[in-house]
Amino acid sequence: MIEKMNFVTLAGPKSQIDYLVNNYLSRHDIHLENALTELSSTEQFTTFTEENPFKAALNKSHELMQLLKNPEKIELQEINVAEAEKFLYKIDSDLLDVRTEISELKEKIEKLNADYALLAPFKSLNYTLKRIYDMEFFKYRFGKIPRISFDKFESYLDPDINAIFIPTLSESEYVYGVFFAPTDYFEDVEKDFKNIHFDEISIPRKYKGFPNDECLNISQKISEINEEITSKDLEIEKIIEDHKPKLLSAIRRIETAYANFDVRKLAAVTRDSGVTFQVLCGWMTAKEAKKLYKETDNDVNVVCIVSDDVNDHKTTPPTKLKNFKLIKPFEMFVKMYGLPAYNEFDPTLFLTITYAFIFGIMFGDLGQGLCLVIGGAILYKVKKMDLAGIVCAAGVFSCIFGALFGSFFGFEFESLINPLESMIRLPFLGNINIVLVAAFLFGAFVILSTMILNIVNAIKQKDLGKALFGPNAVTGFIFYASIIAVIVLYMTGNPLPGTFLLVIMFVIPLILIFLEEPLKNIIKKKKPIEDSPGIFAATAFFELFDYLLTYLSNALSFLRIGVFAISHAAMMQVVMTLAGAENGGNANIAVVLIGNIIVLAMEGLVVGIQVLRLEYYEIFGRFYEGNGREFVPYRKRNK
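From a predicted model like this one, the values you see are computed outputs, not experimental measurements.

Peer 1: Mind showing me how you'd approach the packing of helix 17 (residues 474-491) against helix 18 (residues 499-514) here?
Peer 2: In helix packing, the relevant descriptors are the interaxial angle and the interaxial distance, both defined with respect to the helix axes. Where helix 17 contacts helix 18, the two axes come as close as 8 Å, and the packing angle between them is 145°. For the element pair helix 17 and helix 18, the recorded crossing hand is left-handed. Here Thr475, Gly476, Ile478, Phe479, Ser482, Ile483 and Val486 of helix 17 lie close against helix 18, whose contacting residues are Leu502, Ile504, Met505, Phe506, Pro509, Leu510, Leu512 and Ile513. A class-by-class count of the residues in the contact of helix 17 with helix 18 yields 12 nonpolar, three polar and no charged.

Put into structure tokens, the structure is as follows:
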């Protein structure tokens, strides 16, 4: 069901808005609206212009919050806004010096890593770098040559070239090394090496020893610096740990102060030069509004006005669902489709009954149903998962229909109905499975029920045209109920109604459905037809034809309920055959177990999706729009 809403207006001195927020809004569920949109004389009102002073502190609090471990286990302390803000900046200042040191250490590591990357390819060189730097008659270059060029190295260069190339590292793409050449020939040699795409690598001259030793030294330095960083991180953790109760309390206080100040965005303020007061508006449940009114009755700083006329306001009431605990998990499916509008029927109970019932028929097995009940109940109890609650409810009906079908994990026992063998003889159709007949009749019943709900919705919304005319209104109900009645009479061998009665049952409703648009417009005192008569007639004809096809397709869609019931029984029969349990044989327990797990997982998922499809496309589409907006109380949004 949808909770009844009242519109609440709160007013008081502008300077007292924080008092109002802290003492009332934070203690009651109120869905705030923009006050300026509600006030009729907006020229007398304006909005708050102040910028939120807690924005910087809030950003700091978000940064510090990342450092707190298990905040849900920390007990909060009382702290005022000024003290909280001062404390946050103090902690941030204490951490800043440590963070600066860490940043400097990380920069050192980056530089060392860069040097290591330069030296690493030359670790196999058996010469000290200082010895290379100090050569008098030779020059050198460290670098890399593309592998494809290096393979042609000997054939490309003159065999008598005045240079020596010492490779130090060979990879798939490059060969690293160093070449030496006499000073007098160096320029020519350098040109030759450039021709084979030699890419020079500059080694920092501060490194003097063997490249491998220098790399080891760099690794050692990086390790030492990382230890320093770890020590600094522990220092930060200690600062946070020593102050975590007060720190979390300060963070929460700033978050609240920021959110409370932002309430000003929804408030209206008088433009008078005298005493300036502010106005806040919003929706509350009737019960909460009554409590708030009593609390503010003796408060000289606050004026509270409660209105129960929801149509007397510019905003539509938000929707707050209130259902029994057993059906509350199914609100998840309703919200997935769309919340009901305030003046719309809440389909949660109807969805609960039809979903669980249809699932039970399509997945009728007493043993597997018990697995769904137990598993769903445990998950719902431990994890509070709505889907688990739905599975549990669906499992109950699986047990019921499993008992009716005589199936327990595929083992058959005496039952009222056998989905594979129970047949009924009907005129024209001959022998047909009784489960399919029951599915068709059940689908017809559900469709007629949705039409009734659509009529109730229309009456609730005070839309007489919607209630009387259309494929899901009174006209559609009469037409579809007449079809089902005639089918049932024919199939049971009873005489059909007379011609006059058939005209009333079929022809007149179809004519009224054809004239749906002009009839609705007449009731609303509008022009009957907006377009030309020809365009209207063509459009109405094709729409009527589409409605007739929809009636047929909807009826056939519900046959899948019987088809899945039969297929489930057939799959379990295959499992039992594979297990060797046909004709009273001893079943292979491992095969039975594996088969049941596969059927439970695979078919259970498919059936769950198919039932939801029936709900959304064949049921909800006839009576439900789902264009409501969720009731979001201020204190929930603040939290």
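Peer 1: Teacher, can you tell me more about the pairing of strand 13 (residues 423-426) here?
Peer 2: Pairing of strand 13 with strand 14 (residues 430-433) involves four bridges; the strand directions are antiparallel. Each bridged residue has a counterpart across the sheet, and for Arg425 the counterpart in strand 14 is Asn431. Taking the residues that link successive antiparallel strands as the turn, the strand 13-strand 14 hairpin has three residues, and the phi of Phe428 there is positive, at about 75°.

Peer 1: It is not clear to me how the sheet that holds strand 5 (residues 164-170) should be interpreted in this structure. Could you clarify?
Peer 2: Taken in spatial order, the four strands make up an open sheet running 5-6-4-7, and their pairing is antiparallel. Each edge of the open sheet is held by one strand with a lone partner, namely strand 5 and strand 7 (199-200). In this sheet, strand 6 (residues 174-182) lies alongside strand 5 in antiparallel orientation, the contact comprising six bridges. In the sheet register, Ile164 faces strand 6, and the bridge partner there is Phe180. Strands strand 4 (138-146), strand 5 and strand 6 of the sheet are contacted by helix 8 (residues 186-195), whose axis makes an angle of about 160° with strand 6.

Peer 1: What am I meant to see in the nonpolar core here?
Peer 2: Among soluble globular proteins, nonpolar side chains are generally buried collectively. Counting 48 residues, the largest nonpolar core has Leu68, Phe142, Ile203 and Leu247 as its most contacted members. Elements represented by at least two residues in this core include exactly helix 3 (55-65), helix 4 (81-119), helix 5 (129-133), strand 4, strand 6 and helix 9 (211-262). No other element matches the 15 residues that helix 9 contributes to this core. Excluding its chain neighbours within four sequence positions, the residues that come into contact with Leu68 are Ile74, Ile240, Lys244, Leu247, Leu248 and Ile251. Ala393, Ala439, Tyr616 and Ile619 belong to the second-largest nonpolar core, a separate cluster that totals 46 residues.

Peer 1: Would you take a moment to explain unusual backbone geometry for this structure?
Peer 2: Peptide bonds are, in most cases, trans, and in most cases residues other than glycine have a negative phi. Of note, the phi angle at Asn70 is positive, near 50°, even though the residue is not glycine. You can see Asn70 is positioned in the loop between helix 3 and helix 4. In this structure, Lys384 takes a positive phi of about 55° despite not being glycine. For Lys384, the location among the structural elements is in the loop between helix 13 (366-383) and helix 14 (386-405). By relative accessible area, which is 58% here, Lys384 ends up exposed.

Peer 1: Whenever I open this one, the packing of aromatic side chains confuses me. Can you help?
Peer 2: Any two aromatic rings considered together are summarised by their centre-to-centre distance and by the angle between their planes. Within the structure shown, the criterion is met by 33 aromatic pairs. Ring geometry for Phe179 and Phe198: centres 5.2 Å apart, planes at 70°, overall edge-to-face. You can see Phe179 sitting in strand 6 and its partner Phe198 sitting in the loop between helix 8 and strand 7, a full 19 residues away along the chain. On the accessibility criterion, Phe179 (0% relative accessible area) is buried. Residue Phe198 is classed as buried on the basis of its relative accessible area, which comes to 12%. Grouped by ring-pair contacts, the aromatic residues Tyr337, Phe345, Phe350, Tyr616, Phe620, Phe623 and Tyr624 constitute a single cluster. The lysine or arginine in question, Lys144, covers the ring of Tyr174, its NZ or CZ lying 4.3 Å from the ring centre. Lying across the ring of Tyr133, Arg205 places its NZ or CZ 4.3 Å from the centre.

What counts, and at which threshold
Residues numbered from 1 in each chain as written. Predicted model: local features only at pLDDT ≥ 70, side-chain atom pairs only at ≥ 80, totals over all residues. Heavy atoms only, no water. Axes fitted to C-alpha atoms, helices over the stretch in contact; angles between N-to-C directions. Helix = DSSP H or I, 4+ residues; strand = E, 2+ residues; numbered from the N terminus. Left-handed = near helix turned anticlockwise from the far one by under 90°. Contact = heavy atoms within 4.5 Å. Nonpolar A, V, L, I, M, F, W, Y, C, P; charged D, E, K, R; others polar. Pairing = 2+ DSSP bridges. Core = buried A, V, L, I, M, F, W, Y, C linked by side-chain atoms within 4.5 Å. Buried < 20%, exposed > 50% of the residue type's maximum accessible area, 1.4 Å probe, protein only. Phe/Tyr/Trp six-rings, centres within 6.5 Å; stacked < 30°, edge-to-face > 60°. Lys NZ or Arg CZ within 6 Å of the ring centre and 35° of its normal.

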